[in-house]
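Commentary on secondary and tertiary structure
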Amino acid sequence: MVVCLTGLWRYRNYLVIFLTPLLILPLPIIVGGPEASCGYVIILTAVYWCTECMPLAVTGLLPVILFPMMGIMESSEVCTQYMKDSNMLFVGGLLMATAVEHWNLHKRIALRVLLLVGVKPALLMMGFMGTTAFLSMWIGNTASTAMMLPISNAVLKQLCDTEAQAEEREMDLISLRGAGPGTGIPKGQDNQAFDMDDGCTTECTKDVKPMKNGIQLEPEPKVEESPEARERRLKREAKYLKLDKGMSLSVCYAASIGGTATLTGTAPNLILKGQVDELFPGNGDIINFASWFGFSFPNMVLMLIISWLWLQFMYLGCNMKKLFGCGTNKDGDKEAYGVIKNEYKKLGSVSFAEGCILVLFVLLVLLWFTREPGFMPGWAAVLFNKDKPYVTDGTVAMLMSTLFFVIPSQLPRCGGYSEDGKPLKAPPTLLNWDVVHKKMPWNILLLVGGGFALARGSETSGLSQWLGESLAPLQSIPPVAISFLLSLLIATFTECSSNVATTTLFLPILASMAVAIKLHPLYVMLPCTICASLAFMLPVATPPNAIAFSYGNLKVMDMAKAGFVLNIIGVITINIALNTWGTAMFNLNTFPDWANVTTIPTP
């Protein structure tokens, strides 16, 4: 029996792939109609996405096969959903992130911020969380986590080693004053330099591991320890193990929280924009970079502060005098500060390429903010969008990203020869296609496109209208309760499913429900989109959690205890934001005219 079950488990992916279509086949055969056929495709795609029996991107291509074969949509209409304006915005944002990572600008920014905040426990955690969140607003959550965790580990290791040496010197002094030969004080070790790779990836976290539970502890002394020395060592080890757990969780949580602040910070945000533009084409560009930032950035800051306070309470205690460094070991602080300073020195002076990328980055953000600020006509409305929305955020993103393939990475010079006497070649551009091809997550584009295709198919087949009519009784429930319960549902669901798949599956259903009960669509779609990024409880929930867990210092229960409270806090803060400044920004108290859509016009 055990052998049989083990064999079935090994082939579970194949069983899901072949059995799921057969088990739900009665739906289109017995019920019939385009609504049932579309429901068949959506259920099949949802099961494949949740179980990950096939790559998520491959599952995202199922609508291209099944919609035309079932007579729901023409193939040409399905395929156009995979390359929409929001996808171009996503590509532009990823190209910017690729350029920042390629020239190590993100590492320079991170180390500079840490040099400013110092190495006191509370300030150090605040510095790591703030830096990681800021980087995650513009580059991938995975990349920012993989870069910040080795730096965190190096600083804590240095603090631990320095404190151990200070205690050892103190015990040696006691011994010299007549403590006797029975003290057994072990000799201290020299501090080891922590040499980090320039380009940290997920794989590098497997190599940079502490010896035990995230902290490289001192080897067992070869001579017998005195009871006092042993007690001090165990107490120090326990303190730094706990501090290391809190620091690892703070980095991975800050990465997920920071990604919610900008429209390009994480894929679910762009999926929301794409779904709103697809389902409600007359929405007047209600979701753009400026409007999203205006709503989400204050919420991100609030969540980050509360998360910092919670992790402080869990892993550092409430002794403010110690947390902020009053009366602590100054030598240990200097040594740990030196680790960060040495890493910053390794980067050298700011290169021409870094300066160009920083200028392009600032220019891109300014153009995004001023394109359609809301309180005044933007530059796009004055110059281009006089009668139609010709220029969008995607246009700006692609314009600035294209410059990476035009601007040289070094200051051009006329003439000159290399060391071997040959004429100098023209410098390469800031980015080349080999780098982009290696680092660009093309699979996300197919996954997002599959979600747009499913949303279009549900509208075309009439499934959305049927779902809306079925959910009409929810109109008697207060909107605040609907938003809160749906946010909890999404925050729970995303713990065991990809946040991209979660938003792709739920947003069309939420839009249909909102139209049916005459509720502003953003009142349920906006909080649920942000809650899809609140995957704090499990290592498998999101790549930043998995990277932090791979260091070996965390247990599943550690992440679950801290993450459960943060999930609840996140849902509450998002709904507070929704019902305060969110209502004022998007006029969520009224049902908009653009949401009163019965059919979606074909392109």
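Residues numbered from 1 in each chain as written. Predicted model: local features only at pLDDT ≥ 70, side-chain atom pairs only at ≥ 80, totals over all residues. Heavy atoms only, no water.

**Quick look at the packing of aromatic side chains**
- Considering all chains together, one arrives at 17 aromatic pairs under this definition.
- Aromatic pair Phe 289 and Phe 293: ring centres 6.5 Å apart, planes at 10°, arrangement stacked. Of this pair, Phe 289 and Phe 293 both sit in helix H15 (residues 289–316), four residues apart, which is roughly one turn of the helix. Like Phe 293, Phe 289 is buried.
- Consider the rings of Phe 405 and Trp 433, whose centres lie 6.4 Å apart with planes at 40°: the pair is tilted. Separated by 28 residues along the polypeptide, Phe 405 in the loop between helix H20 (393–402) and helix H21 (433–439) and Trp 433 in helix H21 bring together distant segments of the chain.
- In textbook terms, an aromatic cluster arises when at least three aromatic residues are bridged by ring pairs, as seen for Phe 134, Trp 138, Phe 289, Phe 293, Phe 297, Phe 361, Trp 368 and Phe 369.
- The cationic tip of Arg 12 hangs over the ring face of Trp 9; the distance from NZ or CZ to the ring centre is 4.1 Å.
- Its guanidinium or amino end placed over the ring of Tyr 344, Arg 108 lies 5.7 Å from that ring's centre, counting from NZ or CZ. (Phe/Tyr/Trp six-rings, centres within 6.5 Å; stacked < 30°, edge-to-face > 60°. Helix = DSSP H or I, 4+ residues; strand = E, 2+ residues; numbered from the N terminus. Buried < 20%, exposed > 50% of the residue type's maximum accessible area, 1.4 Å probe, protein only. Lys NZ or Arg CZ within 6 Å of the ring centre and 35° of its normal.)

**With respect to the pattern of salt bridges**
- Enumeration over the complete set of coordinates arrives at ten salt bridges.
- For the salt bridge of Lys 84 with Glu 278, the shortest nitrogen-to-oxygen distance reads 2.8 Å. Separated by 194 residues along the polypeptide, Lys 84 in the loop between helix H7 (75–79) and helix H8 (85–102) and Glu 278 in helix H14 (residues 267–279) bring together distant segments of the chain.
- The residue Lys 273 makes a salt bridge to Asp 277 at a minimum N-O spacing of 3.2 Å. Of this pair, Lys 273 and Asp 277 are both found in helix H14, four residues apart, which corresponds to roughly one turn of the helix.
- Looking at Lys 273, the relative accessible area reads 3%, which means it is buried.
- By relative accessible area, which is 29% here, Asp 277 ends up partly exposed. (Salt bridge = Lys/Arg side-chain N within 4 Å of Asp/Glu carboxyl O.)

The values are spatial; any link to function lies outside them.
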